[in-house]
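Below, each chain spelled out in residue letters.
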Amino acid sequence: MSTPDAGHSEVSTTLALDMVGRAYLALALLYETAHPGEFGGVQQKIRTFVEDNFRIIQETSRNESMTTGTVDGAFQLVNSVLSEVENKIATMIRPTRQMRG
């Protein structure tokens, strides 16, 4: 793959992950709204699933089509999305928890 193609692929991957991240955030907020306090457990299951899948990809990808840098970069982007969602959900439910107390 030539350098311009590699750069275009990275930009496409970043944009795709950003779009998926925004959709995930919207779904997470809807879920927490519909099921107050239950998102934490679901998020941990999702995070474990994602981490396991990236580990499997790294272990099984031995060819040039999926370089370690690409997998690591994608994992960092996904991990930052999951962390951002956790923070936004925590901010959203914090006042609700204080009202209960």
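What you see is a predicted model; the values in this text were computed from it and never measured.

A.B. asks: Just to check I follow, could you spell out the nonpolar core for this structure?
C.D. replies: The nonpolar side chains of soluble globular proteins are, as a tendency, buried together. Y24, F39, F54 and V85 are the most contacted members of the largest nonpolar core, which has 13 residues in total. Mapped by element, the contributors of at least two residues to this core are α1 (3-34), α2 (39-60) and α3 (68-100). Ranked by residue count, the leading element in this core is α3, at seven residues. Those residues in contact with V85, other than ones at most four positions away along the chain, are Y24, L25, A28, F39 and Q43.

A.B. asks: How do you make sense of α2 when you look at a structure like this?
C.D. replies: With 22 residues, α2 should reach 32 Å at 1.5 Å per residue; the first-to-last C-alpha distance of 31 Å fits that figure. Within the span of α2, buried status applies to F39, Q43, R47, V50 and F54. Take α2 and look down its axis: the buried residues cluster within an arc of 70 degrees, on one side only. Relative to its buried face, α2 has exposed residues pointing more than 90 degrees away, namely K45, F49 and T60.

A.B. asks: Explanation requested: the pattern of salt bridges in the structure shown.
C.D. replies: When charged atoms on two side chains of opposite charge get close, those side chains can pair. According to the stated counting rule, one finds three salt bridges in the structure shown. In this structure, E84 and K88 form a salt bridge, with 3.4 Å as the shortest nitrogen-oxygen distance. One end of the pair, E84, and the other, K88, are both in helix α3, four residues apart, so they sit about a helical turn from each other. Judged by its relative accessible area of 40%, E84 falls in the partly exposed class. Take K88: its relative accessible area is 38%, and that puts it in the partly exposed class.

Calculation rules
Residues numbered from 1 in each chain as written. Predicted model: local features only at pLDDT ≥ 70, side-chain atom pairs only at ≥ 80, totals over all residues. Heavy atoms only, no water. Core = buried A, V, L, I, M, F, W, Y, C linked by side-chain atoms within 4.5 Å. Buried < 20%, exposed > 50% of the residue type's maximum accessible area, 1.4 Å probe, protein only. Helix = DSSP H or I, 4+ residues; strand = E, 2+ residues; numbered from the N terminus. Contact = heavy atoms within 4.5 Å. Expected span 1.5 Å × (residues − 1). Arc of directions from axis to C-beta. Salt bridge = Lys/Arg side-chain N within 4 Å of Asp/Glu carboxyl O.

Nothing here speaks to function; it is geometry throughout.
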